[in-house]
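Examining the three-dimensional arrangement
One-letter residues, chain by chain:
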Amino acid sequence: MKDLNLFALFSTVGALAAIALGVMFPALAMGRAISRALDALARQPEAEKSILRALFIGLAMVESLAIYVLVIVLIVLFRNPLLAYLLK
């Protein structure tokens, strides 16, 4: 039973580290994209529609990475396939 508690502790810590890294990098990418879009808007205000359209599509793609990380971490955390191996 001690091995099971230790395994649960390590999988929880691993899940926390994965979600921290998996959210930090997309957040940095979103900040950089918004900064570049605002810079482009300041230089060419007449291209506002195309810049904003590209920005929102890019932000959706970057945000989907964070959502994928969250889903995978939740699957590993709550439906861990190695847990059945330890219970045998």
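Coordinates for the structure precede this section.
Described in the following lines is the structure provided in the data block. No experiment lies behind these values; they were computed from the predicted model shown.

Re the overall build of the protein
Secondary structure assignment for the protein yields three helices and zero strands. Taken from the N to the C terminus, the helices and strands of the protein come in the order α-α-α. Going through the 88 residues of the protein one by one, you find that 18% of them count as buried. Sequence-distant contacts in the protein: of pairs separated by 6 or more residues, those separated by 24 or more amount to 76%.

Focus: helix H1 (residues 2-43)
Taking 1.5 Å as the rise per residue, H1 with 42 residues should run 62 Å; its terminal C-alpha atoms sit 62 Å apart, in good agreement. Along H1, the positions that sit buried rather than exposed are Phe7, Ser11, Ala15, Gly22, Pro26, Ala37 and Leu41.

As for a nonpolar patch on the surface
Together, Leu6, Leu9, Phe10 and Val13 give the surface a local cluster of nonpolar side chains, amounting to about 400 Å² of exposed area. Mapped onto the secondary structure, Val13 falls in helix H1.

A closer look at the packing of H1 against helix H2 (residues 48-78)
Following both chains from N to C, one finds H1 and H2 inclined at 180 degrees, their axes separated by 9 Å at the closest point. The angle between H1 and H2 falls in the class roughly antiparallel. Taken together, the residues of the contact of H1 with H2 sort by class into 22 nonpolar, three polar and two charged.

Some details on the pattern of salt bridges
Tallied over the full model, the rule gives one salt bridge. The salt bridge involving Arg43 is made with Asp39; its shortest N-O contact spans 3.6 Å. Pair noted here: Arg43 and Asp39 are both in helix H1, with a separation of four residues, about one helical turn. We classify Arg43 as exposed; its relative accessible area is 66%.

Focus: H2
Over its 31 residues, H2 runs 44 Å from end to end, which matches the ideal 45 Å to within 8%, given 1.5 Å per residue. Looking only at H2, the buried set comprises Ile51, Leu55, Leu59, Val62, Ser64, Ala66 and Val73. Packed against the buried residues of H2 are H1.

Here's the deal with the nonpolar core
Among the nonpolar cores identified, the biggest contains six residues, and these are Ala37, Leu41, Ala47, Ile51, Leu55 and Leu59. For this core, the secondary-structure elements that each account for two or more residues are H1 and H2. Among the elements that take part in this core, H2 stands out by supplying three residues, more than any other.

Here's the deal with the environment of Ala66
Take Ala66: it is sitting in helix H2. Taking relative accessible area as the criterion, Ala66 reaches 11% and is therefore assigned buried. Each C-alpha atom, one on Ala66 and one on Gly22, is 5.8 Å from the other, the two residues being 44 residues apart in sequence. Contacts of Ala66, omitting those with residues within four sequence positions, involve Gly22 and Pro26.

Cut-off values and rules
- Residues numbered from 1 in each chain as written.
- Predicted model: local features only at pLDDT ≥ 70, side-chain atom pairs only at ≥ 80, totals over all residues.
- Heavy atoms only, no water.
- Helix = DSSP H or I, 4+ residues; strand = E, 2+ residues; numbered from the N terminus.
- Buried < 20%, exposed > 50% of the residue type's maximum accessible area, 1.4 Å probe, protein only.
- Contact = heavy atoms within 4.5 Å.
- Expected span 1.5 Å × (residues − 1).
- Patch = residues over 30% accessible without salt bridge, like charges linked within 9 Å, V, L, I, M, F, W, Y side chains within 5 Å.
- Areas by Shrake-Rupley, 256 points an atom, 1.4 Å probe, with all protein chains shown as cover.
- Salt bridge = Lys/Arg side-chain N within 4 Å of Asp/Glu carboxyl O.
- Axes fitted to C-alpha atoms, helices over the stretch in contact; angles between N-to-C directions.
- Parallel < 35°, antiparallel > 145°, perpendicular 65-115°, else oblique.
- Nonpolar A, V, L, I, M, F, W, Y, C, P; charged D, E, K, R; others polar.
- Core = buried A, V, L, I, M, F, W, Y, C linked by side-chain atoms within 4.5 Å.

None of the figures reported here should be taken as evidence of function without further support.
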